[in-house]
Amino acid sequence: MALDRHVQLVVENAVDAMTLDDTGTPAVATMPVTNLQNQYRGRPMRRIGTAMTITGTLPEVKVASAFALAWHSLPGNGDFRLRLYLDPTPGTDLVYDSATQMIGTIIPLGVLKIGVDALGDTYEQPSIQPSIAPLFFDKVGYRSFQLDINAPGVASFDISRLFLGESFRPVINYSYGKPFETVDPSDHIETGGNSLVTIPRDQFRRARVNLQHLDRSERERLSYELVRISKQGQIFLALDPGETGLLRIEQILIGKRESDVTMTQRDAVFYEHELVIRE
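Residues numbered from 1 in each chain as written. Predicted model: local features only at pLDDT ≥ 70, side-chain atom pairs only at ≥ 80, totals over all residues. Heavy atoms only, no water.

Asker: So what about unusual backbone geometry? Which residues, and what values?
Answerer: A positive phi is found at aspartate 93, a non-glycine position, where the angle reads about 65°. By secondary structure assignment, the location of aspartate 93 is in the loop between strand E5 (79-85) and strand E6 (94-97). (Helix = DSSP H or I, 4+ residues; strand = E, 2+ residues; numbered from the N terminus.)

Right, dumping it as structure tokens:
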């Protein structure tokens, strides 16, 4: 599927309802593959070695068009391959094959810092954002998946989250403006000598997606899904999946909504909603 410049978001993560397995290349017993179904980044799955295969099975057929391998420590030269099957047994009745996908995003020559970055370095070495390897494709029905991961040159690697589901892509894109920000909540405290002491806190990203032209069916689907998952549900958001380089990395995140579900009727045809998602 050719990527365009439209926002895409996945509200329901099918992986959370799956039976997961890592037969043949198991994760560390105290950090099992089921940690991939946990929302907390601090509880990852860990694999000792340079490769593994993860499979998942659903109790019923679902539709998918987006995938994310998220919050990982895989090297920039690592890769993954996702395959979806209509049969509940992974390996039977293939309906989608991503082929091998590189984990890293190579730093272009015009940005590469000579003497600091090596030729071929990626933004994931080290990453300035939580590492997320995204994938978008045409909608397909499936019931099981197989994910093959390669991480050459490492002793072990962690993965905290897998996201797989049907993306919501409105026909009319969000309104441009200031949809994205990196928030630094650190505090400055003035000392008696008129100096500033900074109490550091972790930065996070926030996206404001102003959807001003939702038709009736889009408004109905989005409202239904957002209310159903409530604020505790995670959302996989790509503001501009057709972008490249660091700009693409910056605008892809997994977070939770801060905004309420307020659908404003603009006229007889279109509705408006501003979705605020915080990492």
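Asker: Report on the side chain of aspartate 148, specifying residues and quantitative values.
Answerer: Tracing the chain through its elements places aspartate 148 in strand E8 (residues 132-150). Residue aspartate 148 is classed as buried on the basis of its relative accessible area of 16%. Reaching out from aspartate 148, the side chain makes a polar contact with the side chain of glutamine 146 at a distance of 3.2 Å. Those residues in contact with aspartate 148, other than ones at most four positions away along the chain, are Met52, Thr53, Asp79, Phe80, Arg81 and Arg83. (Buried < 20%, exposed > 50% of the residue type's maximum accessible area, 1.4 Å probe, protein only. Polar contact = N/O pair within 3.5 Å; in protein donor to acceptor, adjacent residues only side chain to side chain. Contact = heavy atoms within 4.5 Å.)

Asker: Would you mind going over the nonpolar core in detail, with residue names and values included?
Answerer: With 33 residues, the main nonpolar core has Leu69 and Leu164 as its most contacted residues. Core analysis: the second largest hydrophobic core is formed by 20 residues, Leu9, Leu253, Met263 and Ile277 among them. (Core = buried A, V, L, I, M, F, W, Y, C linked by side-chain atoms within 4.5 Å.)

Asker: For the pairing of strand E4 (residues 51-72), give the residues involved together with the corresponding values.
Answerer: Judged from the 3 bridges that link them, strand E2 (residues 19-21) and E4 form a sheet pairing that is antiparallel. Directly across from aspartate 21, in E4, lies its bridge partner threonine 55. With 6 bridges connecting them, E4 and strand E9 (residues 156-165) associate as antiparallel partners. Looking at E9, one finds that phenylalanine 67 is bridged to leucine 164. (Pairing = 2+ DSSP bridges.)

Asker: Give a description of helix H1 (residues 216-229) that names residues and reports values.
Answerer: The end-to-end C-alpha separation of H1 is 20 Å, in line with the 20 Å expected for 14 residues at 1.5 Å each. Listing the buried residues of H1 in full gives Glu218, Leu222, Ser223, Glu225, Leu226 and Ile229. Looking at the buried positions of H1, the neighbouring elements they touch are strand E1 (8-10), strand E13 (204-214), strand E14 (235-238), strand E15 (252-257) and strand E17 (271-278). Positioned one or two residues after H1, serine 230 has a phi angle of 60°, which is positive. (Expected span 1.5 Å × (residues − 1).)

Asker: Go over the pairing of E15, please, and point to the residues and values.
Answerer: A regular strand places its side chains so that they alternate between the two faces of the sheet. Of all the 6 residues making up E15, 5 are buried; the element is thus mostly covered by neighbouring parts of the structure. The pairing of E14 with E15 spans 4 bridges and is antiparallel. Residue pairing across strands places leucine 237 opposite leucine 253, the latter belonging to E15.

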